[in-house]
Each structure stands twice: as structure tokens, then as C-alpha cells.
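Structure assessment
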Amino acid sequence: MGLEYVEYPVTEIERLEVNCKLFAICVIGSATDRIELSWRDTTMRSLEVKQEGNTLKLIDHAAIGIYGTLALINLKKDNLLLIKLPKSFMGKAIIQSKSESVRLCDLEFSGSL
């Protein structure tokens, strides 16, 4: 499947909640005034992105089934979730991951993480 991309004006989001089990998360700073998200869904894994008021929620889902070795490898293939947070973000970001890595790079914003 192709690369998914969405963006939100930073003025609309006061809280970012990320709860992922399958995606490796990379949060980097951005020079724009938009919160940008990019990832790849597969037939076995998808990311749900929804805005509820001023809260942006990201939750991953996996297909229910019995996973053999090859299926587990495919589940983890191309599993990077890239989140770009602008310097003008003044809200709160909550990043939760069960078994994948979370990388933070070049972040400068007034909010909390």
C-alpha cells in the first residue's frame, strides 16, 4: 500500500495522543505551522487517525489472526510512523508504545511531551 499523509493546523490541536503497538515512532521538529503525519498501512496493520475537538488521536490496529514467522515479519515491515511537530505547538503530546521504538529528534516547542 502507498504512503499515507495527513496534516493539521497547529492552532487546531492542543493535545496529541499516540497509542501504538506496531509502529516504530519518530517525532521530529518541523519549520511549518502544521502537525504532519506519514505512515504506511498494510493488509495486516493500519493506523487510525481521528480528531476529537482539539485532540488528535493515533491508534494502530492489526488484523486478527494466527501469525507465523513470515506474517510477523510482514507486520513489522515498513512500520515507521513519522510525526512532525512545529515549534509553535503549545499543547501536550502523549506518546505510548508497547514494543516498538520511539525516537525524538530536533524538537523545540513550548508544549509538553
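Residues numbered from 1 in each chain as written. Predicted model: local features only at pLDDT ≥ 70, side-chain atom pairs only at ≥ 80, totals over all residues. Heavy atoms only, no water.

1. Brief notes about the overall build of the protein chain
The helix and strand tally for the protein chain stands at 1 helix and 9 strands. Its helices and strands taken in sequence order, the protein chain reads β-β-β-β-β-β-α-β-β-β from the N to the C terminus. Considering only residue pairs separated by 6 or more positions, the protein chain has 73% of its internal contacts joining residues 24 or more positions apart. (Helix = DSSP H or I, 4+ residues; strand = E, 2+ residues; numbered from the N terminus. Contact = heavy atoms within 4.5 Å.)

2. Concerning the nonpolar core
In this structure, L58, L81, I83 and L85 are the most contacted members of the largest nonpolar core, which totals 21 residues. Listing elements by their share of this core, those giving two or more residues are β2 (15-20), β3 (24-30), β4 (34-40), β6 (55-62) and β7 (80-86). Sequence-distant contacts of L81, that is, excluding residues within four places in its chain, are made with V18, C20, F23, A24, I25, C26, S38, W39, L47 and L58. (Core = buried A, V, L, I, M, F, W, Y, C linked by side-chain atoms within 4.5 Å. Buried < 20%, exposed > 50% of the residue type's maximum accessible area, 1.4 Å probe, protein only.)

3. Some thoughts on the pairing of β2
Along β2, the buried face is formed by L16, V18 and C20; none of R15, E17 and N19, which line the opposite face, is buried. Looking at chain direction, β2 and β6 are connected through 5 bridges and run parallel. Across the sheet, R15 pairs through a bridge with T55, a residue of β6. (Pairing = 2+ DSSP bridges.)

4. Quick notes on the environment of R45
Note that R45 resides in strand β5 (residues 45-52). As a C-alpha pair, R45 and K77 span 32 residues in sequence and 9.8 Å in three-dimensional space. At a separation of 2.8 Å, a polar atom in the side chain of R45 contacts the main-chain carbonyl oxygen of R40. (Polar contact = N/O pair within 3.5 Å; in protein donor to acceptor, adjacent residues only side chain to side chain.)

5. Side note on the packing of aromatic side chains
A full pass over the atoms with the stated rule returns 1 aromatic pair. The aromatic ring of F23 is capped on one face by R45, whose charged end is 4.7 Å from the ring centroid. (Phe/Tyr/Trp six-rings, centres within 6.5 Å; stacked < 30°, edge-to-face > 60°. Lys NZ or Arg CZ within 6 Å of the ring centre and 35° of its normal.)

6. Observations concerning the environment of L58
Tracing the backbone through its elements, the reader meets L58 in strand β6. L58 gets classed as buried once you look at its relative accessible area, which sits at 0%. Along the chain, L58 and V18 lie 40 residues apart, while their C-alpha atoms are 4.7 Å from each other. Setting aside anything within four residues of it in sequence, one finds L58 in contact with L16, E17, V18, N19, C20, L37, L47, E48, V49, L81 and I83.

7. Structural notes on a nonpolar patch on the surface
Taken together, the side chains of V102, L104 and L113 make up a nonpolar region of the molecular surface, amounting to roughly 260 Å² of accessible area. As for its placement among the helices and strands, L113 is situated in the segment after β9 (102-105). (Patch = residues over 30% accessible without salt bridge, like charges linked within 9 Å, V, L, I, M, F, W, Y side chains within 5 Å. Areas by Shrake-Rupley, 256 points an atom, 1.4 Å probe, with all protein chains shown as cover. Salt bridge = Lys/Arg side-chain N within 4 Å of Asp/Glu carboxyl O.)

8. Some words on the sheet that holds β2
Taking strand neighbours across the sheet as the criterion, the 4 strands line up as β5-β6-β2-β8 in an open arrangement whose pairing is mixed. What marks the edges here is a single partner per strand, and that holds for β5 and β8 (92-97). Ignoring which end each strand starts from, the neighbouring axes of this sheet average 10° apart. Of the strand pairs in this sheet, β5 and β6 are connected by 8 bridges, and their pairing is antiparallel. (Axes fitted to C-alpha atoms, helices over the stretch in contact; angles between N-to-C directions.)

9. Let's talk about the pattern of salt bridges
Counted according to the given criterion, the structure contains 6 salt bridges. A salt bridge links D60 to K21; the shortest N-O distance between them is 3.8 Å. You can see D60 sitting in strand β6 and its partner K21 sitting in the loop between β2 and β3, a full 39 residues away along the chain. The shortest N-O distance in the salt bridge between E52 and K57 comes to 3.0 Å. When salt bridges that share partners are traced, they join E48, K50, E52 and K57 into one network.

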